[in-house]
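Survey of secondary and tertiary structure
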Amino acid sequence: IVERHLPSKMATAAEEEANRPFAGLSDVSISEDIPVEGDISVPVGPSARRDDEFSTLDEPVKETVLRDLRAVGKKFVHVLYPKRSTALLRDWDLWGPLLLCVTLALLLQGGAADSDYQGGPQFAEVFVIVWFGSIIITINSKLLGGTISFFQSLCVLGYCILPLTVAMAVCRIVLVAGSGSVSFAVRLVVVTASFGWSTFASTAFLADSQPANRKALVVYPVFLFYFVIGWMVLTFSPSQ
Amino acid sequence: MASPHDLQFQEFEEAAELLSADPGASTLSMSASNSINPAGEGEGEDVKLDLSEDEEGQEESSELLGGQKPTGGFWTFEYYQSFWDVDTVQVLDRVKGSVMPLPGRNFIKHHLRSNPDLYGPFWICVTLVFSVVISGNLSTFLSELGNPSYHYRPQFHRVTIAAVVIFMYAWLVPIGLWGFLTWRQGAERQIGGYSFLETVCVYGYSLFIYIPTSVLWIIPFEWLRWTLILFAMVVSGSVLVLTFWPVVRDDTKVMSVATVVTIVVLHTLLAIGCKMYFFQTAVHVPTTAPTPPPLHITGSTRPH
């Protein structure tokens, strides 16, 4: 249904031609000083909205939670075996990075001299480093002309913390056994391996989105990011 | 091209083009609200012909002014993208130029060539923050290896302190220097100063030499540390002096010498301050109340 409101000068002509849409236009010339307004409303067809088919409002809560958990788990598997797949990028979510960040921050607590300010990073400091670090790296790669979207990049960087979180858990277990130089050597090897794994996994996802002559400029901040997290994991020393 | 009085249905782009060519013409189009409104927003590629001429004129005058290429207001993303418009090769070349200052090679003229970037200064500062903190932590650990009463501490709070100090140096000093130089040029009616971004860029790249220096500071020999810091200060100080001397030398003798001396002194203070605070080899005395440490002013080492 097309409605047109014309000023009163044209009203009679419009009424005459109202039955034939667009027919009146052939003899009307509009000069500048007559304001012409148009109003076109497109009716929504009677077809059912497609959302109804995918409505998740009626399913049990358990189903909803399990679906998200399965998606997160699938991405964990993608990180552990990084191949150049687009699944991580297509269906990004930030639950996994949040879970990993909270786990890492919790595992880094209870370290030496928690009450003394000389200890390891506080819970909030870990959060700030992980999230602001990811945001800054993402902005950096977008400023350099990357084609990856903001949240996709946050998703990738967050998920690739998984090897370092696993290393943190291993380190705490090793530290229970003892904290001599043997345990330090073991921890060093584990952290170095997982740092390399994290960097490799994230560049496998991110490298394709950059022009070739700037790849190193994008990879270096990622390297620095995981290096700092690895240093936080390695220098965790238990209270005695 | 259809004439304005052709009563056939016309595409919007053609109507807009006709309007921009002759705003007085009367036109006919289905989307009635657009026929009076000249397409000034640049819709459709046909309309850009008129606007681009003005834009080119504006861009040329801005290049004359500062050698910068602002492509939008400072609230748009593209504005900042122009500062990250560097390739890997360019960044490496600039880093090399900052560690090898040759007399006669002005860093800005030779390496930046009116394409100052913020990628280098920003990531060099971040790397420097972490390298100083990590190396300092390692050197404290190594120096206390034989001490049975020493308990290793990661000292993570130093990251915050280092970040504040280094980023303030890398931003406030160039602001002050640029403001001062611009004011002097305004007073003396000279041309050929450096833009603000070029100043920030020079300062950022000049900090690069401190990254390997801080890593080498882990080696626990005092004479080696002082040699290294002297070498680093000479190199990066000369980059700064070589860059700013041509601009400053046209000024009065007193002012130009004072400016150069101030640049060098501030740079020295940063280096020595970092060494004093982060690489302490003092005897470990347990403190009861943590006190905020003095920042790059005193020469005494505070036990922490």
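Residues numbered from 1 in each chain as written. Chains lettered and ligands numbered in written order. Predicted model: local features only at pLDDT ≥ 70, side-chain atom pairs only at ≥ 80, totals over all residues. Heavy atoms only, no water.

Attention now moves to the overall build of chain A. When helices and strands are counted, chain A shows 9 helices and 2 strands. Secondary structure elements in chain A, listed N-terminal to C-terminal, are β-α-β-α-α-α-α-α-α-α-α. Scored against the burial criterion, the 240 residues of chain A give a buried share of 40%. Put simply, chain A shows about 13,500 Å² of open surface, and 66% of that area lies on carbon and sulfur atoms. (Helix = DSSP H or I, 4+ residues; strand = E, 2+ residues; numbered from the N terminus. Buried < 20%, exposed > 50% of the residue type's maximum accessible area, 1.4 Å probe, protein only. Areas by Shrake-Rupley, 256 points an atom, 1.4 Å probe, with all protein chains shown as cover.)

Our focus in this paragraph is the overall build of chain B. Assigned secondary structure in chain B consists of 11 helices and 0 strands. Listing the helices and strands of chain B from first to last along the sequence gives α-α-α-α-α-α-α-α-α-α-α. Across the 304 residues of chain B, 41% fall into the buried class. Total accessible area on chain B stands at roughly 16,300 Å², and carbon and sulfur atoms take up 65% of it.

This next bit is on the UniProt feature "transmembrane region" (unreviewed entry) in chain A. Residue and element names in this part refer to chain A. Here, UniProt's "transmembrane region" (unreviewed entry) annotation points to residues 92-111, 123-144, 156-178, 184-206 and 218-237. End C-alpha to end C-alpha, residues 123-144 measures 32 Å, and it is 95% helix and 0% strand. Structurally, residues 184-206 is divided into 100% helix and 0% strand, and its ends, taken at the C-alpha atoms, are 32 Å apart. (UniProt positions renumbered as here; feature names shortened; annotations may be inferred.)

The next subject is the packing of aromatic side chains. Scanning all chains against the criterion turns up 19 aromatic pairs over all chains. Judged by centre distance (6.3 Å) and plane angle (20°), the ring pair of F221 of chain B and W223 of chain B falls under stacked. For W223 of chain B, a relative accessible area of 60% translates into the label exposed. An aromatic cluster of three or more residues is present, and its members are F195, Y220, F223 and F227 of chain A. The side chain of R158 of chain B reaches across the aromatic face of Y277 of chain B, ending 5.3 Å from its centre. (Phe/Tyr/Trp six-rings, centres within 6.5 Å; stacked < 30°, edge-to-face > 60°. Lys NZ or Arg CZ within 6 Å of the ring centre and 35° of its normal.)

Counting residues in hydrophobic clusters, the biggest one holds 104 residues, and the most contacted among them are Y226 of chain A together with L207 and F244 of chain B. With 12 residues, helix α9 (residues 215-234) of chain A is the single largest residue contributor to this core. Apart from the residues within four sequence positions on either side, Y226 of chain A is in contact with V156, L157, C160, I161, L164, F195, S198, T199 and S202 of chain A. (Core = buried A, V, L, I, M, F, W, Y, C linked by side-chain atoms within 4.5 Å. Contact = heavy atoms within 4.5 Å.)

Moving on, we get to the packing of helix α5 (residues 123-143) of chain A against helix α6 (residues 150-159) of chain A. Residues and elements named next belong to chain A. Relative to each other, α5 and α6 sit at 130°, their axes nearing to 9 Å. Judged on the interaxial angle alone, α6 and α5 are oblique. Note on packing geometry: the crossing formed by α5 with α6 is right-handed. Residue-level inspection shows S134, I135, I137, T138, I139 and K142 of α5 in contact with α6, the latter providing F150, S153, L154 and L157. Here the contact of α5 with α6 is composed, by residue class, of 6 nonpolar, 3 polar and 1 charged. (Axes fitted to C-alpha atoms, helices over the stretch in contact; angles between N-to-C directions. Parallel < 35°, antiparallel > 145°, perpendicular 65-115°, else oblique. Left-handed = near helix turned anticlockwise from the far one by under 90°. Nonpolar A, V, L, I, M, F, W, Y, C, P; charged D, E, K, R; others polar.)

Taking 1.5 Å of rise per residue, 12 residues should cover 16 Å, and helix α4 (residues 88-99) of chain B covers 17 Å from first to last C-alpha, within 8% of that figure. Restricting attention to buried positions, one finds in α4 of chain B the residues T88, V91, R94, V95, G97 and S98 of chain B. Structurally, α4 of chain B contributes buried residues whose contacts are with α9 of chain A together with α5 (107-112), α6 (119-143), α8 (196-206) and α10 (222-248) of chain B. (Expected span 1.5 Å × (residues − 1).)

What follows is about the UniProt feature "transmembrane region" (unreviewed entry) in chain B. Mapped onto this numbering, the UniProt entry gives "transmembrane region" (unreviewed entry) at residues 118-139, 159-181, 193-211, 223-245 and 257-278 of chain B. In residues 223-245 of chain B, the share of helix is 100% and the share of strand is 0%. The end C-alpha atoms are 32 Å apart.

Where burial is concerned, most of α8 of chain B is hidden: 10 out of the 11 residues are buried. Of the residues making up α8 of chain B, those classed as buried are L197, E198, T199, V200, C201, V202, Y203, G204, Y205 and S206 of chain B.

Turning next to the confidence of the model for chain B. Residues and elements named next belong to chain B. With 66% of its residues at a pLDDT of 70 or more, chain B has an overall mean of 72. Within chain B, the element-level pLDDT minimum falls on helix α2 (residues 48-66), averaging 42, and the maximum on helix α9 (residues 210-216), averaging 90. Counting contacts from residues 31-68, a segment whose pLDDT is below 50, to residues more than four positions away or on other chains yields 31 contacts. Between residues 296-300, whose pLDDT stays under 50, and residues either more than four places distant or in other chains, the model counts 5 contacts. (pLDDT = per-residue confidence, 0-100.)

A separate point is the pattern of salt bridges. Scanning the entire structure with this criterion turns up 7 salt bridges over all chains. Of the charged contacts in the structure, one is a salt bridge between R214 of chain A and D85 of chain B, with a shortest N-O distance of 2.8 Å. Remark: D85 of chain B occurs in the loop between α3 (77-81) and α4 and R214 of chain A occurs in the loop between α8 (181-206) and α9; the pair is interchain, linking two chains. According to the relative accessible area criterion, R214 of chain A is buried, its value standing at 11%. Residue D85 of chain B is classed as partly exposed on the basis of its relative accessible area, which comes to 35%. In this structure, the salt-bridge partner of E222 of chain B is R225 of chain B, at a minimum N-O distance of 3.6 Å. Highlighted residues: E222 of chain B and R225 of chain B, both in helix α10, separated by 3 residues, approximately one helical turn. Taking the relative accessible area as the measure of exposure, R225 of chain B reaches 2% and is therefore buried. Several salt bridges share partner residues, and in doing so they unite R214 of chain A together with D85 and D87 of chain B into one network. (Salt bridge = Lys/Arg side-chain N within 4 Å of Asp/Glu carboxyl O.)

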